[in-house]
Number of protein chains: 2
Amino acid sequence: MTTSLDSLIALFAKLPGLGPRSARRLVLHLIRNKEKLLNPLVNTLLQTSETIRTCHVCGNLDIVDPCNICSDTRRDHSQICVVEEIADLWAIERSKMFRGFYHVLGGVLSALDGRGPEQLNIESLVTRASAPEVAEVILATNATVEGQTTAYYISDRLVDCNVKISRLAHGIPMGGELDYLDDGTLGAALKARVNY
Amino acid sequence: MTTSLDSLIALFAKLPGLGPRSARRLVLHLIRNKEKLLNPLVNTLLQTSETIRTCHVCGNLDIVDPCNICSDTRRDHSQICVVEEIADLWAIERSKMFRGFYHVLGGVLSALDGRGPEQLNIESLVTRASAPEVAEVILATNATVEGQTTAYYISDRLVDCNVKISRLAHGIPMGGELDYLDDGTLGAALKARVNY
């Protein structure tokens with residue numbers, strides 16, 4: 001094996017979800033499909049690397065700043081949905097159920113990782129939420145201990161902003177079977193039961 | 001999400017072992033670590049794409065042709081190890097137990113996929129095995145039906161080459177527990193038992 005192959009495999013092995021074995025498989029596949037895969041991948045990577053920037057309003061990634069979502073005038077200016085990461089923003093966009101704006105925190109509060117409020121985009125959220133057109137802030141952090149702690153901290157910071165603060169519903173996922181659900185989810189679903 | 005990000009994710013999702021979800025995660029990770037990951041990856045991919053070629057002797061990938069293994073004079077010229085894919089060659093090299101030369105078939109015989117002997121590098125193997133210095137051909141194809149069929153076909157083709165033909169031993173893998181082994185492996189290990 002040569003050094004350039006070795007270092008390519010080492011680089012791929014560093015990516016999330018890949019290890020040395022899957023990186024080797026991937027690199028071999030790329031080299032075997034040079035025209036159809038390797039060259040397009042290099043070109044798209046180069047192009048993305050040069051054009052992608054972070055939106056200074058919400059923290060999303062786009063080729064324009066402010067991003068396409070923030071500059072979309074058809075969206076509902078009264079709602080801001082707060083998410084931990086850009087991937088969460090994408091997930092909510094895929095659901096096509098939300099027409100407001102987003103705010104990407106860039107992580108969660110974590111004593112273990114030494115991440116305090118000043119490392120997250122919380123100050124800019126308070127500023128945005130203070131604008132008169134904003135009526136509701138939806139806290140869509142993950143249903144983990146850190147996510148919920150962060151949501152609680154943010155709700156505390158937004159107290160003086162004169163906005164409604166809401167969070168995502170907890171309950172049984174679509175297609176979920178009761179027998180396979182954890183007790184926490186089942187308890188939350190029972191507690192939050194609605195009239196039929 | 002922008003088109004260049006979309007197409008980058010679509011390209012990564014085509015790679016073996018990755019799907020749309022892991023591709024999204026990977027692309028986000030790359031963009032967040034532009035200096036440390038994305039740019040080195042692009043450079044190494046470019047460099048590899050330009051320099052890597054297939055060795056015309058054994059079928060290995062290298063920046064030189066013949067490859068470093070084929071041109072290594074300290075290796076044992078009497079042995080040729082036949083493997084299905086380059087990944088198998090690398091695996092045997094990592095074991096550091098073989099000091100002969102390799103021959104990459106580029107696949108296995110498969111009626112289902114319509115792959116016959118002419119699609120594999122078998123002719124060149126017969127030519128190489130006919131050389132006077134070659135004493136043994138080790139058939140290191142996978143222990144699958146196709147791998148074993150291919151090995152059988154090759155052994156038949158090498159009959160007139162005046163070489164010893166061997167195959168890898170079947171048996172219990174190192175650290176393997178009898179209770180978890182399939183019956184085929186256990187039977188093969190029992191049949192191939194050796195004196196203690």
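Residues numbered from 1 in each chain as written. Chains lettered and ligands numbered in written order. Predicted model: local features only at pLDDT ≥ 70, side-chain atom pairs only at ≥ 80, totals over all residues. Heavy atoms only, no water.

Attention shifts here to the relation of the copies chain B and chain A. Overlaying chain B on chain A yields an RMSD of 0.1 Å, the required transformation being a rotation through 180° with an accompanying axial translation of 0.0 Å. In the structure described here, the two chain copies are related by an operation that fits a two-fold rotation axis. Relative to the rotation axis, the closest C-alpha in chain B is found at Val42(B), a distance of 3.0 Å. (Least-squares fit on C-alpha atoms with pLDDT ≥ 70 in both.)

Partitioning chain A into structural domains gives domain 1 (4-51) and domain 2 (69-167). Placing a centre on the C-alpha atoms of domain 1 of chain A and another on those of domain 2 of chain A gives a separation of 34 Å. (Domains from an automatic or database assignment.)

Residues and elements named next belong to chain B. Within strand E3 (residues 79-83), five of the five residues are buried, which leaves the element mostly enclosed by the surrounding structure. Of the two faces of E3, the one holding Gln 79, Cys 81 and Val 83 and the one holding Ile 80 and Val 82 are both buried throughout. Looking at chain direction, E3 and strand E5 (residues 136-139) are connected through four bridges and run parallel. Pairing of Gln 79 across the sheet is with Glu 136, part of E5. Sheet topology note: the E3/strand E4 (residues 101-104) ladder contains four bridges and is parallel. Counted as the bridge partner of Cys 81 is Tyr 102 from E4. (Buried < 20%, exposed > 50% of the residue type's maximum accessible area, 1.4 Å probe, protein only. Helix = DSSP H or I, 4+ residues; strand = E, 2+ residues; numbered from the N terminus. Pairing = 2+ DSSP bridges.)

A separate point is the nonpolar core. Residues Phe12(A), Leu30(A), Leu45(A), Phe12(B), Leu30(B) and Leu45(B) are the most contacted members of the largest nonpolar core, which totals 74 residues. The contact partners of Leu45(A), leaving out residues within four places of it in the chain, are Leu8(B), Phe12(B), Leu30(B), Leu38(B), Leu41(B), Val42(B) and Leu45(B). (Core = buried A, V, L, I, M, F, W, Y, C linked by side-chain atoms within 4.5 Å. Contact = heavy atoms within 4.5 Å.)

Our focus in this paragraph is the packing of helix H2 (residues 20-32) of chain B against helix H3 (residues 34-51) of chain B. Residues and elements named next belong to chain B. Where H2 contacts H3, the two axes come as close as 6 Å, and the packing angle between them is 110°. With respect to H3, the axis of H2 lies roughly perpendicular. Contact with H2, carried on its side by His 29, Leu 30, Ile 31 and Arg 32, involves Lys 34, Leu 37, Leu 38 and Leu 41 of H3 and no other residues of that element. The class makeup of the residues in the contact of H2 with H3 is five nonpolar, one polar and two charged. (Axes fitted to C-alpha atoms, helices over the stretch in contact; angles between N-to-C directions. Parallel < 35°, antiparallel > 145°, perpendicular 65-115°, else oblique. Nonpolar A, V, L, I, M, F, W, Y, C, P; charged D, E, K, R; others polar.)

Next up on the list: the interface of chain B and chain A. If you look at the interface, chain B gives 45 residues, while chain A gives 45 residues. Across the interface of chain B and chain A, roughly 4,500 Å² is buried in total on both sides, 75% from carbon and sulfur atoms. If you sort the residues of chain B by the area they bury against chain A, Pro16(B), Leu45(B) and Trp90(B) come out on top, with a joint share of 15%. Inspection of the region where chain B meets chain A yields two salt bridges. Arg32(B) is paired through a salt bridge with Glu85(A); the nearest N and O atoms lie 3.2 Å apart. Where chain B packs against chain A, one counts six residue pairs in polar contact (both at pLDDT 80 or more). Of all the elements in the fold, those that place two or more residues in the side of chain B that touches chain A are helix H1 (3-13), H2, H3, strand E2 (61-62) and helix H4 (86-95) of chain B. Broken down by element, the residue count for the side of chain B that touches chain A peaks at 14 residues, all from H3(B). Tallied by class, the residues present in the side of chain B that touches chain A amount to 26 nonpolar, 11 polar and eight charged. (Buried area = accessible area lost by both parts, 1.4 Å probe. Salt bridge = Lys/Arg side-chain N within 4 Å of Asp/Glu carboxyl O. Polar contact = N/O pair within 3.5 Å; in protein donor to acceptor, adjacent residues only side chain to side chain.)

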